[in-house]
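Close look at the chain arrangement
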Amino acid sequence: MLMRHAKRVPLCFLFALFGLSASLLGQQAPAAQELQWLRPDDNRLQWINVADWEQKTGGLQPVRVPKTWRDKWPPQTAFRALSAAGMALRLRTDSPKIVLRFTFLDAPERVGITPEMAWELSRPPYFDVYRDGKFLTNVPGKVHFYEQDLTLFDASSRNAGESDFTILLPHYYRNAEIAISAIGLEKEARILPPSPDDRPVVLFHGDSITHGHGVTTPRETYAWQACEIANCRSLNLGFGGSAWADTVVAEYIASRTDWDVLVLMLGTNSFGGTAAGKPETLEQYENKYDTFLATVRAQHPNNPILCITPILSHGDIVGAKNRNGDTPQAYRDAIQRVVERRQKTDRNLHFLDGLNLVGNPIDLLPTD
C-alpha cells in the first residue's frame, strides 16, 4: 500500500507540474493573419542597448557590441556581448495586442557541464513589460531553439488606449541570444515612435554581477534596478566570466558618445588571472586598471565615473589566495590606490567600496 502511494504521489506531482508549465511557458499568440508585422529595424521602433543587428536564420540578431569590436576582444568577452542583457524595445501604440516573433539561438556554454549547471542554464527566459513607465508583467518564452510567437501584451477585452511600452529582453547567458523576425500588432493599430526620454544615461560595465547572473528576470539586474531608483536610463555592458579591465574594452567604451555616467565594477575575475588565463601580478593589474581609466578619460574628460571594488566573495570568507599569493582584498586596495591618485586631478572620478554594498556572508546565498 505504501509503495503504491509512493508511486502515485510523484506521478500526480508531475501532472501538476506539467499543467503549471503549460500555463507559464508563453501565451498562445493570435493567428498571424490577424496582425500586422513590423520588422525589428522599423524606424518607428526604438531599441535600448542594441549596438548593431546581424543577419541570422530566423531573423535579425541584436548585439550589444558590433562585430568589428568583438573581433578585437578576448573570446569570452566577445561571446558574452551577444547576450541580450539590458536590451529593450520601446514603442508607442494603441494596439490591444503585442506579439514578438523570435528564435532563441542555441549557444552552449561548454562541453562536459554537470546536470546542475545544465539546469541553471535552462531556466525560463523572461521578457519584462512596462506600460507608460510602470511595470506590468513578465512573460516567459519557451525554452527551445525554433521560431515562436509570444504574446507580451493582451488587452483585447478592454480598451487598450495609446500607450508607451518598454519590453526588456531575456538577459541570461543561455536563452538570451535571440533572433527577432517581427513584432506583431493589430492590423488597424497605430504605431508611433515612443515619447522622448531625456533622463541621463548610465553605462554599467562589469562581470557576471553586472550582466545579471542569478536573477530571474531582466528587470532584477542591479544595473536596471539602480536606474529605476535613480531615474536614469541603463546601458548594460556586463560580460559574465569576463571584465578583466582590458584596454581594448576601454577603447570601445571611450568610442561611444551615448552615455553620461560610467559605472565600473571590475576586479573579481582578475583575481584568477588575465583573459588568457595567465597569472598577473597585483602591480600589473593596478597598472592595467589605471590604463583603463586613462583610455576612457582621453575621450570623456568630464563625465562622472564611479569605480566600485569587488563585493564580498567566497574567497574572502575562506581566506583564498591566487597563484601570486594575493587576496581578494588586495585587488580592492589596488583599485582604491588608482582612484585616489587620479582623484587629485579628476573631480568627476568617484570610489565605492564593494563591501559596503555586499559585505555580509548571508548575501552570498544567492548566485552573484
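Let us look at the structure shown here.

Conventions used here
- Residues numbered from 1 in each chain as written.
- Predicted model: local features only at pLDDT ≥ 70, side-chain atom pairs only at ≥ 80, totals over all residues.
- Heavy atoms only, no water.
- Helix = DSSP H or I, 4+ residues; strand = E, 2+ residues; numbered from the N terminus.
- Buried < 20%, exposed > 50% of the residue type's maximum accessible area, 1.4 Å probe, protein only.
- Contact = heavy atoms within 4.5 Å.
- Areas by Shrake-Rupley, 256 points an atom, 1.4 Å probe, with all protein chains shown as cover.
- Pairing = 2+ DSSP bridges.
- Phe/Tyr/Trp six-rings, centres within 6.5 Å; stacked < 30°, edge-to-face > 60°.
- Lys NZ or Arg CZ within 6 Å of the ring centre and 35° of its normal.
- 1 Å grid on protein atoms, 1.4 Å probe; cavity = no way out; pocket = protein on both sides within 12 Å on 5 of 7 lines; lining within 4 Å.
- Points joined across faces, edges and corners; volume = space filled by probe spheres on them.
- Nonpolar A, V, L, I, M, F, W, Y, C, P; charged D, E, K, R; others polar.
- Core = buried A, V, L, I, M, F, W, Y, C linked by side-chain atoms within 4.5 Å.
- Arc of directions from axis to C-beta.
- Axes fitted to C-alpha atoms, helices over the stretch in contact; angles between N-to-C directions.
- Polar contact = N/O pair within 3.5 Å; in protein donor to acceptor, adjacent residues only side chain to side chain.

1. Regarding the overall build of the protein
Regarding its fold elements, the protein presents 10 helices and 17 strands. Classification of the 368 residues of the protein by burial places 49% in the buried group. Nonlocal contacts in the protein, meaning residues at least 24 apart in sequence, comprise 79% of its contacts between residues at least 6 apart. When the accessible surface of the protein is summed, it comes to about 17700 Å², and 55% of that surface belongs to carbon and sulfur atoms.

2. Side note on the pairing of strand S9 (residues 148-154)
Of all 7 residues in S9, 5 are buried; the element is thus mostly enclosed. Sheet topology note: the strand S6 (residues 97-104)/S9 ladder contains 6 bridges and is antiparallel. Bridged to Leu 100 within S9 is Leu 150.

3. Notes on the packing of aromatic side chains
Under the criterion given, the structure shown has 14 aromatic pairs. For the ring pair Tyr 130 and Phe 135, a centre distance of 5.6 Å and an interplane angle of 70° mean the geometry is edge-to-face. Residue class for Phe 135 comes out partly exposed when judged on its relative accessible area of 32%. A centroid spacing of 6.1 Å and a plane angle of 55° characterise the contact between Tyr 130 and Trp 224, whose relative ring orientation is tilted. Of this pair, Tyr 130 sits in strand S7 (residues 126-131) while Trp 224 sits in helix H6 (residues 222-230), and the two are 94 residues apart along the sequence. Like Trp 224, Tyr 130 is buried. Here the aromatic residues Trp 69, Trp 73, Phe 239 and Tyr 252 are joined through ring pairs into a cluster of three or more. Directly above the aromatic system of Trp 69 lies the positively charged group of Lys 72, at a separation of 4.3 Å from the ring centroid.

4. Regarding the layout of surface pockets
Of the volumes computed, that of the largest pocket is approximately 380 Å³. For the lining of the largest pocket, the secondary-structure elements that each account for two or more residues are strand S10 (163-168), H6 and strand S14 (233-238). Tallied by class, the residues present in the lining of the largest pocket amount to 6 nonpolar, 3 polar and 7 charged.

5. Quick notes on the nonpolar core
Grouped together as the largest cluster of nonpolar side chains are 42 residues, with contacts concentrated most on Trp 73, Ile 253, Leu 264, Tyr 289 and Phe 292. Secondary structure elements with two or more residues in this core: strand S13 (201-206), S14, helix H7 (247-255), strand S15 (261-265), helix H8 (282-299), strand S16 (305-308) and helix H10 (328-343). In this structure Leu 264 touches His 205, Tyr 289, Phe 292, Leu 293, Ile 305, Leu 306, Cys 307 and Ile 308, once residues within four positions along its chain are discounted. Within the second largest apolar cluster, 29 residues are counted, among which are Leu 100, Phe 127, Val 129 and Ile 180.

6. A short note on H6
Along an α-helix, a turn takes 3.6 residues, which lines up residues three or four apart on a common side. Among all positions in H6, only Ala 223, Trp 224 and Cys 227 are buried. Buried residues along H6 cover an arc of 95° about the axis, so they all sit on one side. Contacts made by the buried residues of H6 are with S7, S10, S13 and S14. Positive backbone phi, at 60°, marks Asn 231, one or two positions downstream of H6.

7. Section: the sheet that holds S16
Ordered in space as S14-S13-S15-S16-S17, the 5 strands form an open sheet in which the pairing is parallel. Edge positions in the sheet fall to S14 and strand S17 (349-352), since each has one partner strand and no second. Strand-to-strand twist across the sheet, computed as the mean angle between neighbouring axes with direction ignored, equals 20°. In terms of strand pairing, S16 meets S17 through 4 bridges, oriented parallel.

8. Regarding the side chain of Thr 93
With respect to the secondary-structure elements, Thr 93 resides in strand S5 (residues 88-93). Looking at Thr 93, the relative accessible area reads 1%, which means it is buried. A distance of 2.6 Å separates the side chain of Thr 93 from the backbone oxygen of Arg 190, its partner in a polar contact.

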